[in-house]
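The primary structure of each chain is shown beneath.
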Amino acid sequence: MILKFYRSNQPVIAFSVPVAALIAWVIYFLGDFSGYINQGASPVNELSGEYFSYLPWLSKILAVGLVIFQALYFNRIISEHEIFGRITFLPSFVFMVFSAAFSVNGMLSGTLIAITFLLFSIDKILSVYREVSSKDEAFVATIWIGIASLFYIHAALFLLFTNFRWRHHRQN
């Protein structure tokens, strides 16, 4: 029933994604998950983790807001690049459910921030097929990945996807 609801493209469903995110995040708001968890060495993650360990409620609110933005932006990427045949809100719902399920104690973390910049990079990478020259998109995509790696060092592995020579080999 939920999948059927999110498969339609009615504008009212866009407003239900934040409500579903709040419902999914309610366990983090009710529980006491205020401890800081180190997710790996990265310059900005250490500073933000120490700052938000003193304000766990603000961190949880920012995390929910960021996940809602990411889910809606992910849905925009899917529909703009015509990955599915028709416009649907199912990708945003699935993205939001997985973000809530795999979130680290429901607080704002470096991985959540890095995912935002990786989504910007994926948008640029998918727009390569529309452009004649892909150098500008490759540069912008690598900049977004570089910013994401400031928050989560393992995001630098996405630099492997910015090698656009495969596009020219595929066309020949």
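Structure: above.
Because the structure is predicted, anything quoted here is derived from the model rather than measured.

**Q** Got a minute to help me understand unusual backbone geometry in this structure?
**A** Peptide bonds are mostly trans, and most non-glycine residues show a negative phi. Residue Glu 82 is not a glycine yet carries a positive backbone phi of 55 degrees. Locating Glu 82 in the fold gives a position in the loop between α4 (56-80) and α5 (90-101). Relative accessible area serves as the criterion here: at 65%, Glu 82 is assigned to the exposed category.

**Q** Explain the environment of Phe 117 to me, please; I cannot follow it from the model alone.
**A** When you line up the elements, Phe 117 lands in helix α6 (residues 110-126). Judged by its relative accessible area of 16%, Phe 117 is buried. For the pair Phe 117 and Ile 145, spaced 28 residues apart in sequence, the C-alpha to C-alpha distance is 6.6 Å.

**Q** In this structure, what is going on with the packing of α4 against α5? I would like to understand it.
**A** Helix packing geometry: the angle between the two helix axes and the distance between the axes. One can describe the packing of α4 onto α5 by two numbers: an axis separation of 8 Å at closest approach and a directional angle of 145 degrees. The two elements α4 and α5 cross, and the hand of that crossing is right-handed. For the pair α4 and α5, contact is made by Val 67, Gln 70, Ala 71, Leu 72, Phe 74, Asn 75 and Ile 78 and by Pro 91, Ser 92, Phe 95, Met 96 and Ser 99, respectively. Its residues assigned to classes, the contact of α4 with α5 shows eight nonpolar, four polar and no charged.

**Q** Quick question: what am I supposed to make of the pattern of salt bridges here?
**A** Should their charged atoms come close, side chains of opposite charge can pair. This structure, assessed with the given rule, holds two salt bridges. With a closest N to O distance of 1.9 Å, Arg 76 and Glu 80 form a salt bridge. Placement of both Arg 76 and Glu 80 in helix α4 is noted, with a separation of four residues, approximately one turn of the helix. Residue classification places Arg 76 among the partly exposed positions, given a relative accessible area of 33%.

**Q** Mind showing me how you'd approach the packing of α4 against α6 here?
**A** Orientation of α4 relative to α6, taken along the N-to-C sense of each, is 10 degrees, at an axis distance of 10 Å. Judged on the interaxial angle alone, α6 and α4 are roughly parallel. Contacts from Ala 63, Leu 66, Val 67, Phe 69, Gln 70, Tyr 73, Phe 74, Arg 76, Ile 77 and Glu 80 of α4 reach α6 at Leu 112, Ile 113, Ile 115, Thr 116, Leu 119, Phe 120, Asp 123 and Leu 126. A breakdown of the residues in the contact of α4 with α6 according to their chemical character gives 13 nonpolar, two polar and three charged.

What counts as what
- In every chain, residue numbers begin from 1 and rise along the written sequence.
- Note on the predicted model: pLDDT of at least 70 is required for a residue's local features to be given, and 80 or more for side-chain atom pairs to be given and counted; whole-chain, interface and lining totals, by contrast, use all residues.
- Only hydrogens and water are set aside when side-chain values are computed; all heavy atoms of the structure are taken into account.
- Secondary structure elements are defined from DSSP: runs of H or I of at least 4 residues count as helices, runs of E of at least 2 residues count as strands, and each element is numbered from the N terminus.
- Only protein chains enter the accessibility calculation, which uses a 1.4 Å probe; a residue is then buried when its area is under 20% of its type maximum, exposed when over 50%, and partly exposed in between.
- An axis is simply a line fitted to the C-alpha atoms; with a helix, the fit covers only the stretch in contact. Between two such axes, the angle follows the N-to-C directions and lies from 0 to 180 degrees.
- Note on convention: near helix rotated counterclockwise from far helix by under a right angle means a left-handed crossing. Clockwise means right-handed.
- It only takes one pair of heavy atoms within 4.5 Å for two residues to be counted as in contact.
- Residues are grouped as follows: nonpolar covers Ala, Val, Leu, Ile, Met, Phe, Trp, Tyr, Cys and Pro; charged covers Asp, Glu, Lys and Arg; every other residue, Gly included, is treated as polar.
- Salt bridges are counted wherever a side-chain nitrogen of Lys or Arg sits within 4 Å of a carboxyl oxygen of Asp or Glu.
- For classification purposes, an angle smaller than 35 degrees is called roughly parallel, one larger than 145 roughly antiparallel, one from 65 to 115 roughly perpendicular, and anything else oblique.

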